[in-house]
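Coordinate analysis (summary)
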Amino acid sequence: MIASMILGLSTGRLLSCPPFVSSARDGTIRRGAAPGLPSPSAQSSDGLRSRRSWGIPPRRVAPAVRRLAAPPARVSTKNGASGEFSEESGPRNASFLEFLTSERVKVVAMLGLALALCNADRVVMSVAIVPLSRAHGWTQSFSGIVQSSFLWGYLMSPIVGGALVDYYGGKLVMAWGVALWSLATFLTPWAAETSLWTLLAMRVLLGVAEGVALPSMNNMVSRWFPRSERSRAVGIAMAGFQLGSAAGLLISPIIMSRTGVFGPFIIFGLFGFLWVLVWASATSSTPERHPQISKSELDYIGQREKQPVSKIKKPEKIMIPPFKKLLSKLPTWALIFANSMHSWGYFVILSWMPIYFNTVYRVDLRQAAWFSALPWVMMAVLGYFAGAWSDMLIQNGFSVTFTRKIMQSIGFLGPGISLLGLNVAKSPSVASSWLTAAVGLSSFSHAGFLVNLQEVAPRFAGVLHGMSNTAGTLAAIMGTVGAGFFVERMGSFQGFLILTSLLYFISTLFWDLFATGERIHIIMDDGGADEEESS
């Protein structure tokens, strides 16, 4: 009997049942009669829970015990990107080639293109503001107001947009968002020729429409990607976001030199309309609705989430989110403060760097665009690296909480130190190097708070993203407008850069104290808890 038990443990089957283990007719195993030992089911539930809290991968701990407690394993019959269960190894991770050719990567690539258009449409004004200010005689402070008009609209939509994303899904909301902001971009030349107020109104509309972009992206990533791949997926999508900044800053001066100051607005607007047509016809809101996805990939997404995608319980949709309950949790405030600091630094650099190089180092508009565009390319590259590194840490046993804190700390301390270096730079090339380091390292935030939004409250990820985005937009408005007034009164950018560095350091401390990678417990009004799985 002892020999048969050893052989059974080594193969994952029981060849003969000792007195404390019996086999039911349906093939399941009954456990729990051994004196002095907890039942395997208790070991399976409590043990796995404690191991996850320490960040230990379940498959590496007591595999024989877990096989005794588990139902019969599924055997993979395909070699696609399924990563299905096998008797020997459990669910495997998809290879890089399988990941690269999967349908889910096509979805995130489309998301990356949408975010590229989002930022390109946004930064065109950062380049156009220089000739427009000269033509209309605008002061530095008034130029800051014109640029921040985008943020007035961006302030209004994230919470409402996040709720719509949670209710209708990311595909539909993203399509409407891209269509509206492309229309606003396309009509900007007409608005500028009509009146200043019409121009400001069109920039506000641009901000309203773009406010749904990141909540929609997060929603689609949480539906299409298992938890072990989400940081990488967000890295790909946000790489498009940063490359859009670089493309807008680099291409806009060239187009303006040939077609006039309003040429980029028309071209980027038309590209947005084309994107909507492709998005509507080639993607689906969830994997199981996609007509071309393979069964192996569908099973892989579901198995990495511990159950098939088609069997994930869909929670009842709630139109009015529990704002008070969310705001009562310290991890929510950690996300809000992190988004606020990230947006402050991001929009100050995005809006003022062309003017910074033009006024401090006396470079012309095209050179200023090149100097201020290079950092966004670095941000795209490091953003994907941060996502891949983050996923690797989690897959190798580090806890999600530890991983998110490491990523976000790099995303704040790196820019804070780099801006101090930018402050003492004596030449455009040195300044560009420090600026590249600041913007590039800030991309680690994408594997920090941006992914964490999906983890702490999956059911309300959209509205949580909207809440933090609204706070971030307020911070961005304060930073963008405040930089203009500060420079106008103090005569330089140095003091404002020191202030921004100090805020980065304070935000790092707050995040490391209160952030978590675990799901926060929210008791609903009906007495139930928010315990649904991400979908």
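Check the entry above for the structure.
1. Let's talk about the packing of helix α15 (residues 330-360) against helix α19 (residues 449-456)
Direction vectors running N to C along α15 and α19 enclose 155°, while the axes themselves pass 10 Å from each other. Between α15 and α19, the crossing angle belongs to the class labelled roughly antiparallel. As for the relative orientation of α15 and α19, their crossing is left-handed in sense. Between α15, through Leu335, Ala338, Asn339 and His342, and α19, the contact on the second element is made entirely by Phe449, Asn452, Leu453 and Val456. A breakdown of the residues in the contact of α15 with α19 according to their chemical character gives 5 nonpolar, 3 polar and no charged.

2. Looking at the environment of Leu453
Residue placement: Leu453 occurs in helix α19. You can call Leu453 buried: its relative accessible area is 1%. Put simply, Leu453 and Leu335 are 118 residues apart on the chain and 7.4 Å apart in space, counted from C-alpha to C-alpha.

3. With respect to the pattern of salt bridges
Throughout the structure, instances matching the rule amount to 5 salt bridges. Between Arg122 and Glu210 there is a salt bridge, with its nearest N and O atoms 3.1 Å apart. Taken together, the positions of Arg122 in helix α5 (residues 103-136) and Glu210 in helix α9 (residues 196-210) put the pair 88 residues apart, joining distant regions of the chain. Linking Asp391 and Arg232 is a salt bridge whose minimum nitrogen-to-oxygen distance equals 3.7 Å. With a gap of 159 residues between them, Asp391 in helix α16 (residues 365-395) and Arg232 in helix α11 (residues 230-259) connect regions that are remote in the sequence. Arg232 matches Asp391 in its accessibility class, with the two residues each being buried.

4. Things to note about the packing of aromatic side chains
Geometry of an aromatic ring pair is reported as the spacing of the ring centres plus the angle between the planes. What the rule picks out here adds up to 19 aromatic pairs. Each ring, one from Tyr346 and one from Phe347, has its centre 5.4 Å from the other, and the planes form 80°; the classification is edge-to-face. Like Phe347, Tyr346 is buried. Each ring, one from Phe398 and one from Phe402, has its centre 5.5 Å from the other, and the planes form 20°; the classification is stacked. Looking at Phe398, the relative accessible area reads 41%, which means it is partly exposed. Seen from the ring of Tyr154, Arg122 lies directly overhead, with NZ or CZ sitting 5.3 Å from the centre.

5. A short note on the nonpolar core
Residues Leu111, Met217, Trp275 and Trp376 are the most contacted members of the largest nonpolar core, which totals 107 residues. Broken down by element, the residue count for this core peaks at 17 residues, all from α5. With sequence-adjacent residues up to four places away left out, Met217 is seen in contact with Leu111, Leu115, Met174, Val234, Ala237, Met238 and Leu450. Judged by nonpolar contacts, the second largest core, of 5 residues, contains Leu393, Met407, Phe444 and Ala447.

6. A look at helix α7 (residues 170-186)
Helix length check: α7 (17 residues) gives 24 Å between terminal C-alpha atoms against 24 Å at 1.5 Å per residue, within 8%. Regarding α7, the residues found buried are Gly170, Lys171, Val173, Met174, Ala175, Gly177, Val178, Trp181, Ser182, Ala184 and Thr185. Contact partners of the buried residues in α7: α5, α6 (140-168), α8 (188-194), α9, α10 (213-224) and α12 (263-282).

7. Topic: the environment of Arg223
With respect to the element layout, Arg223 can be found in helix α10. Separated by 119 residues in the primary sequence, Arg223 and Arg104 place their C-alpha atoms 9.6 Å from one another. Only 2.9 Å separates the side chain of Arg223 from the side chain of Asn219, close enough to count as a polar contact.

8. Comments concerning α9
Its 15 residues give α9 an end-to-end C-alpha distance of 21 Å, which sits within 8% of 21 Å, the value for a rise of 1.5 Å per residue. All buried positions along α9 are accounted for by Thr198, Leu199, Leu200, Met202, Arg203, Val204, Leu206, Gly207, Ala209 and Glu210. The inward-facing, buried residues of α9 abut α5, α6, α7, α8, α10 and α12.

The rules we used
Residues numbered from 1 in each chain as written. Predicted model: local features only at pLDDT ≥ 70, side-chain atom pairs only at ≥ 80, totals over all residues. Heavy atoms only, no water. Axes fitted to C-alpha atoms, helices over the stretch in contact; angles between N-to-C directions. Helix = DSSP H or I, 4+ residues; strand = E, 2+ residues; numbered from the N terminus. Parallel < 35°, antiparallel > 145°, perpendicular 65-115°, else oblique. Left-handed = near helix turned anticlockwise from the far one by under 90°. Contact = heavy atoms within 4.5 Å. Nonpolar A, V, L, I, M, F, W, Y, C, P; charged D, E, K, R; others polar. Buried < 20%, exposed > 50% of the residue type's maximum accessible area, 1.4 Å probe, protein only. Salt bridge = Lys/Arg side-chain N within 4 Å of Asp/Glu carboxyl O. Phe/Tyr/Trp six-rings, centres within 6.5 Å; stacked < 30°, edge-to-face > 60°. Lys NZ or Arg CZ within 6 Å of the ring centre and 35° of its normal. Core = buried A, V, L, I, M, F, W, Y, C linked by side-chain atoms within 4.5 Å. Expected span 1.5 Å × (residues − 1). Polar contact = N/O pair within 3.5 Å; in protein donor to acceptor, adjacent residues only side chain to side chain.

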